[in-house]
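A closer look at the structure
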Amino acid sequence: MKEIVHHAVYDTVADWETGHATAHLRSGRFRREPGGYEVVTVGLTTDPVITMGGLRITPDLALDQLSPADSALLILPGADLWDAGQELAPFARKAREFLEAGVPVAAICGATAGLAREGLLDDRDHTSAVVQYLEAQDGYAGAKRYLDRDAVLDGDLITAGPTEPVAFAREIFRRLDIYRPEVLDAWFRLFAKSDASAYEVLMAA
């Protein structure tokens, strides 16, 4: 039976930020072990949402049905709603529940602001768009742990800024340990830098 990765969806979700991660999590190619993950979408409710790109998604389950015990990872994409009030705060609280249970959370773009307001970045290395974006969030006290990198993995927390979907995916794959190190490096070089030499490494895998 496949392990499950849960992917949050909400109105204005940034479609492009998690596509590399979900596509390659589902695929069994290049892996240490055969098989992929099942990707299950989670909304505040099961009512359909509209992405930033205009796609209509009906969540597979509602947030109050989600338990860390049933999940290998929670992915929180960016969305305009992260900057428009507290509507998505329940996802940040669920992220706390996951981290306290030792289940990884991956947040990109505006979702990092939600985690900042929840206090989840204060004692963990992290990144985002720029540190000033997080410093504008109520309650954020984690500037000393901010790293100016494409993506950051610290224990069970993965963070990235809005321009780094490939690096975001790379750190998800690293945390889940689905590729050998040389394969992960080649995957990133191919998809982030169009490095043709990486193709041979992936084909050999």
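Below or above, wherever it landed, is the structure these notes cover. (Residues numbered from 1 in each chain as written. Predicted model: local features only at pLDDT ≥ 70, side-chain atom pairs only at ≥ 80, totals over all residues. Heavy atoms only, no water.)

Things to note about the nonpolar core
Where we set the bar: Nine residue types can take part in a nonpolar core, namely buried Ala, Val, Leu, Ile, Met, Phe, Trp, Tyr and Cys, and a core is a set of them joined through side-chain atoms within 4.5 Å. We call a residue buried when its accessible area falls under 20% of the maximum for its residue type, exposed when it is over 50%, and partly exposed in between, using a 1.4 Å probe and counting protein chains only. Secondary structure is summarised from DSSP: a helix means a run of H or I of at least four residues, a strand means a run of E of at least two, and numbering begins at the N terminus for each. By definition in these notes, contact holds between two residues if any of their heavy atoms fall within 4.5 Å.
Counting 33 residues, the largest nonpolar core has Tyr10, Leu76, Phe91, Val105 and Leu115 as its most contacted members. For this core, the secondary structure elements donating two or more residues are strand 2 (38-43), strand 6 (73-76), helix 2 (89-100), strand 7 (105-108), helix 3 (110-117) and helix 4 (131-135). Among the elements that take part in this core, helix 2 stands out by supplying five residues, more than any other. Setting aside anything within four residues of it in sequence, one finds Leu76 in contact with Ala8, Tyr10, Phe91, Ala95, Val105, Ala106, Ala107, Ile108, Ala111 and Leu115. Residues Leu25, Ala106, Cys109 and Ala186 belong to the second largest nonpolar core, which totals 30 residues.

Structural notes on the layout of surface pockets
Here is the rule: Using a grid of 1 Å spacing that covers the protein atoms alone, one calls a set of points a cavity when a 1.4 Å probe fits there but cannot get out, and a pocket when the set is open and has protein on both sides within 12 Å along at least five of seven lines; lining residues are those with an atom within 4 Å of a point. Grid points are joined across faces, edges and corners, and a volume is the space filled by probe spheres set on the points. Asp, Glu, Lys and Arg are counted as charged, while Ala, Val, Leu, Ile, Met, Phe, Trp, Tyr, Cys and Pro are counted as nonpolar; the rest, among them Gly, fall into the polar class.
The computed volume of the largest pocket comes to approximately 250 Å³. Lining the largest pocket are 13 residues, with His7, Asp15, Thr18, Thr22 and Ile57 sitting closest to its centre. Contributions of two or more residues to the lining of the largest pocket are made by helix 1 (19-26) and strand 2. Tallied by class, residues from the lining of the largest pocket come to six nonpolar, six polar and one charged. By volume, the second largest pocket amounts to about 180 Å³. Lining the second largest pocket are twelve residues, with Arg31, Glu33, Pro34, Gly35 and Tyr37 sitting closest to its centre.

Remarks on the packing of helix 6 (residues 181-193) against helix 7 (residues 197-204)
We apply this condition: Orientation is described by lines fitted to C-alpha atoms, with helices fitted over the stretch in contact, and by angles between N-to-C directions that extend from 0 to 180 degrees. Comment on the angle field: the value is read as roughly parallel under 35 degrees, roughly antiparallel over 145, roughly perpendicular from 65 to 115, and oblique elsewhere. Note on convention: the crossing is left-handed when the near helix lies turned anticlockwise from the far helix by less than a right angle, right-handed when the turn is clockwise.
One can describe the packing of helix 6 onto helix 7 by two numbers: an axis separation of 8 Å at closest approach and a directional angle of 135°. Relative to helix 7, the element helix 6 is oriented oblique. Helix 7 is crossed by helix 6, and the crossing has left-handed handedness. Contacts between helix 6 and helix 7 involve Glu182, Val183, Ala186, Trp187, Arg189 and Leu190 from the former and Ser197, Ala198, Val201 and Leu202 from the latter.

Here's the deal with the packing of aromatic side chains
Basically, it comes down to this: Put simply, two rings from Phe, Tyr or Trp (the six-membered ring, in Trp's case) pair if the centres are within 6.5 Å, and we call them stacked under 30 degrees between planes, edge-to-face over 60, tilted for the rest.
Scanning the entire structure with this criterion turns up five aromatic pairs. Taking the centre distance of 5.0 Å and the plane angle of 80° together, the rings of Phe173 and Trp187 count as edge-to-face. Linking Phe173 in helix 5 (residues 165-176) with Trp187 in helix 6, this pair joins segments that are 14 residues apart in sequence. Relative accessible area serves as the criterion here: at 1%, Phe173 is assigned to the buried category.

Some remarks on the environment of Val131
Its place among the elements puts Val131 in helix 4. Expressed as a C-alpha distance, the spacing of Val131 and Leu63, which sit 68 residues apart in the sequence, is 29 Å. Ignoring sequence-local partners within four residues, the contact set of Val131 consists of Tyr140, Ala143 and Tyr146.

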